[in-house]
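Structure assessment
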Amino acid sequence: MKAEPDFCPFCGTQGELNEIESSMLEVDSDYWLIYHWVCNFCGEQFDKVELSDYQEIEEVSALEDFQDIP
Ligand SMILES: [Zn+2]
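So, here is what we can say about the structure in this document. (Residues numbered from 1 in each chain as written. Predicted model: local features only at pLDDT ≥ 70, side-chain atom pairs only at ≥ 80, totals over all residues.)

Quick notes on the overall build of the protein
The line we're drawing: Each helix is a run of H or I in the DSSP string that is no shorter than four residues. Each strand is a run of E no shorter than two, and both are numbered from the N terminus. Exposure in this text rests on C-beta crowding, where 20 or more other C-beta atoms within 10 Å of a residue's own make it buried, 12 or fewer make it exposed, and counts in between make it partly exposed. The C-beta atoms are placed from the backbone. Contact definition: two residues whose C-beta atoms, as placed from backbone geometry, lie within 7 Å.
Within the protein, the regular secondary structure consists of one helix and three strands. When the elements of the protein are put in sequence order from the N terminus, they spell out β-β-β-α. Burial analysis of the protein (70 residues in total) assigns 3% to the buried set. For the protein, contacts bridging at least 24 residues in sequence account for 40% of all contacts bridging at least 6.

In structure tokens, the structure reads:
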């Protein structure tokens, strides 16, 4: 599932988002995808973290573990 935003959350400009290489993180056998975008217009960068399609687990504990990573 692709969750590309329609517009920049900082300046609201549409169609100026460049996706940077996304990262994947494994936490307790759960896989998290971290998408990165940068806005061509204002230069702001933002991320979106999603539980990947590899496993569909909706446990809150997974989120807590994710935040414990240094
Ligand atoms: Zn922007």
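So, the environment of Phe10
Along the chain, Phe10 turns up in the segment before β1 (17-27). Of the residues examined, Phe10 has 13 C-beta atoms within 10 Å and is grouped as partly exposed. Put simply, Phe10 and Gly43 are 33 residues apart on the chain and 9.4 Å apart in space, counted from C-alpha to C-alpha. Excluding residues that lie within four positions of it along the chain, Phe10 makes contacts with Cys39, Cys42 and Glu44.

Interpretation in functional terms is not warranted from these geometric data alone.
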